[in-house]
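Each chain is listed here by its residues.
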Amino acid sequence: SQLQDRLSVLREEYFRRHRAEDEGRRREYKAAVKIQSWFRGCRVRAYLRYLTRMVISIQRWWRGYQSRRHFRKMVETAYFIMKMNFYNEMAVRIQKRWRGYYVRKYIHNYYALKKYLEAISLNNEVVRSELHEYTKMKENEEKRKDLEKKEKEKKYQARKMHYLLSTEQIPGIYNSPFRKCPDPMELLLRSSKPLSHRQQQMKSHSSYEVCDWPTCRRPPSFFTEQSLPPTGRQKPQGPFRNTAEVLQQRYKPLEPTLRVAASVPSPLEKAREDMKREKWRNCIHDNEFLPFSSHHKNEKYEPSILRAGKYGRESYGFKHFREVQPKKWVADK
């Protein structure tokens, strides 16, 4: 009876001890795993340090070997270049000496060259003196032309400004009463004649054709039936424009703009019309007929559009018109 009373307690004690053992075993397992991981990490790190030192040493050795090899190549190249430069310089010196000796002995004659140079210097002196004289002559000619041009321009201005001439009542701007003698321009105005009125050159109406108007190849002009009568009085004194210039400005020819001068149908519309016409023509005659060539010998005949309908072809022109039947009147006997 006592064992039965203690059975529940023993069961709980047994369960508690087993649980404590499992927890202890789990703690020991975790501790063992941690110790193993630490040991393995130390071993791997030590191995990696060893490998790193080995790789660094190999790299150092290889880089040193490469640098020594590169330096050796550089030294060899520099030595070769220096040697070739020395050889080239010595060859140039030998060639210079030999060419100088050969030219002095066989080609150039000192006395002949000296005489040639003296002749050239004399010729240069002669040419230089002639060029100097020619330059002076050209300068004098240019000066004379300039003076003639200025004198001509002055005379033209005097003729153009003849209205500034002094009259008996009013002195001109070049004839001041405060001067002792008149200005040279006043004397030139007195000696020169005024410019005459230039008649306007009018073209006849028959010089232009009617065909020139639509295409605007020539700017049309408006003409008067008769030329204007000459004015019966002299040109008034003062800064007035010439009558011919005024008439030319009044009856100047028409200058149409590009829009007016161009034709009404644009080139684009003309091109479209040509494309439509070409397309309409090609719908009927796609293939051009070549009569004297073998291009159409092996082609099958294609009937026209009017005879290729759904109602069939007429038999008149294909069976009963000039049909050849050589065996029609041949009998069996």
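Taking an unreviewed UniProt entry as the reference, the chain is identified by name as Spermatogenesis-associated protein 17 belonging to Dryobates pubescens. Quoted verbatim from the Subcellular location (unreviewed entry) field of the UniProt record, the comment on the chain reads "Cytoplasm".

Caption draft 1: Geometry of the overall build of the chain. For the chain, the count of helices and strands is seven helices and zero strands. Secondary structure of the chain in N-to-C order comes out as α-α-α-α-α-α-α. Within the chain, buried positions represent 7% of all 333 residues. Put simply, of all contacts in the chain between residues at least 6 apart along the chain, 53% involve residues at least 24 apart. Total accessible area on the chain stands at roughly 33,600 Å², and carbon and sulfur atoms take up 58% of it.

Caption draft 2: Examining the packing of helix α2 (residues 110–160) against helix α3 (residues 184–191) more closely. Put simply, α2 and α3 touch, their axes get as near as 9 Å, and they point 70° apart. For the element pair α2 / α3, the angle class is roughly perpendicular. Contact residues: Lys154, Lys155 and Ala158 in α2; Met185, Leu188 and Leu189 in α3. Grouping the constituent residues of the contact of α2 with α3 by class yields four nonpolar, no polar and two charged.

Caption draft 3: Expanded view of the packing of aromatic side chains. Per the counting criterion, the structure on display carries eight aromatic pairs. An angle of 40° between the planes, with centres 5.1 Å apart, marks the rings of Tyr102 and Tyr106 as tilted. Taken together, the residues span about one helical turn, with Tyr102 and Tyr106 both in helix α1 (residues 2–107) at a distance of four residues. Classification of Tyr106 by relative accessible area gives exposed; the value is 51%. Ring centres of Tyr110 and Tyr111 lie 5.3 Å apart, and the angle between their planes is 75°; on these two criteria the pair is classed as edge-to-face. For Tyr110, a relative accessible area of 56% gives the class exposed. A residue is classified by how much of its surface remains accessible, and Tyr111, at 62% relative accessible area, is exposed. Of the aromatic side chains, those joined through ring pairs into one cluster are Trp98, Tyr101, Tyr102 and Tyr106.

Caption draft 4: Up close: a positive patch on the surface. There is a patch of like positive charges on the surface, built from Arg68, Arg69, Arg72 and Lys73. Looking at Lys73, the relative accessible area reads 47%, which means it is partly exposed.

Caption draft 5: Quick peek at a nonpolar patch on the surface. Together, Val44, Tyr47, Leu48, Tyr50, Leu51 and Met54 line one region of the surface with nonpolar side chains, adding up to about 570 Å² of accessible area. If you trace the backbone, Val44 turns up in helix α1.

Caption draft 6: Fine view of the nonpolar core. Counting six residues, the largest nonpolar core consists of Ala158, Met161, Leu164, Met185, Leu188 and Leu189. Top contributing element to this core by residue count: α3, with three residues. Residues within four places of Met161 in sequence aside, it is in contact with Tyr174, Met185 and Leu189.

Caption draft 7: Geometry of the UniProt feature "coiled-coil region" (unreviewed entry) in the chain. Residues annotated in UniProt with the feature "coiled-coil region" (unreviewed entry) correspond here to residues 124–160. With 100% helix and 0% strand, residues 124–160 has end C-alpha atoms that lie 53 Å from one another.

Caption draft 8: Layout of the confidence of the model for the chain. Of the residues in the chain, 72% have a pLDDT of 70 or more, and the chain-wide mean is 79. Note on residues 199–220: pLDDT is under 50 here. Beyond four places in sequence and across chains, it has 20 contacts.

Caption draft 9: Just the pattern of salt bridges, in detail. Using the criterion set out here, one finds ten salt bridges in the structure. In this structure, Glu125 engages Arg128 in a salt bridge whose closest nitrogen and oxygen atoms are separated by 3.3 Å. Remark: Arg128 and Glu125 occur in helix α2; sequence separation between them is three residues, near one turn of the helix. Between Arg277 and Asp274 there is a salt bridge, with the nearest N and O atoms lying 2.9 Å from each other. Pair noted here: Arg277 and Asp274 are both in helix α7 (residues 267–284), with a separation of three residues, about one helical turn.

Caption draft 10: Region of the structure containing the side chain of Ser166. Mapped onto the elements of the fold, Ser166 is located in the loop between α2 and α3. Take Ser166: its relative accessible area is 17%, and that puts it in the buried class. At a separation of 2.7 Å, a polar atom in the side chain of Ser166 contacts the main-chain amide nitrogen of Gly172. Reaching out from Ser166, the side chain makes a polar contact with the side chain of Glu186 at a distance of 3.0 Å. Other than its neighbours up to four places away in sequence, Ser166 contacts Pro171, Gly172, Asn175 and Glu186.

What counts, and where the lines are drawn
Residues numbered from 1 in each chain as written. Predicted model: local features only at pLDDT ≥ 70, side-chain atom pairs only at ≥ 80, totals over all residues. Heavy atoms only, no water. UniProt positions renumbered as here; feature names shortened; annotations may be inferred. Helix = DSSP H or I, 4+ residues; strand = E, 2+ residues; numbered from the N terminus. Buried < 20%, exposed > 50% of the residue type's maximum accessible area, 1.4 Å probe, protein only. Contact = heavy atoms within 4.5 Å. Areas by Shrake-Rupley, 256 points an atom, 1.4 Å probe, with all protein chains shown as cover. Axes fitted to C-alpha atoms, helices over the stretch in contact; angles between N-to-C directions. Parallel < 35°, antiparallel > 145°, perpendicular 65-115°, else oblique. Nonpolar A, V, L, I, M, F, W, Y, C, P; charged D, E, K, R; others polar. Phe/Tyr/Trp six-rings, centres within 6.5 Å; stacked < 30°, edge-to-face > 60°. Patch = residues over 30% accessible without salt bridge, like charges linked within 9 Å, V, L, I, M, F, W, Y side chains within 5 Å. Salt bridge = Lys/Arg side-chain N within 4 Å of Asp/Glu carboxyl O. Lys, Arg positive; Asp, Glu negative; His and termini not counted. Charge placed at Lys NZ, Arg CZ, Asp CG, Glu CD. Core = buried A, V, L, I, M, F, W, Y, C linked by side-chain atoms within 4.5 Å. pLDDT = per-residue confidence, 0-100. Polar contact = N/O pair within 3.5 Å; in protein donor to acceptor, adjacent residues only side chain to side chain.

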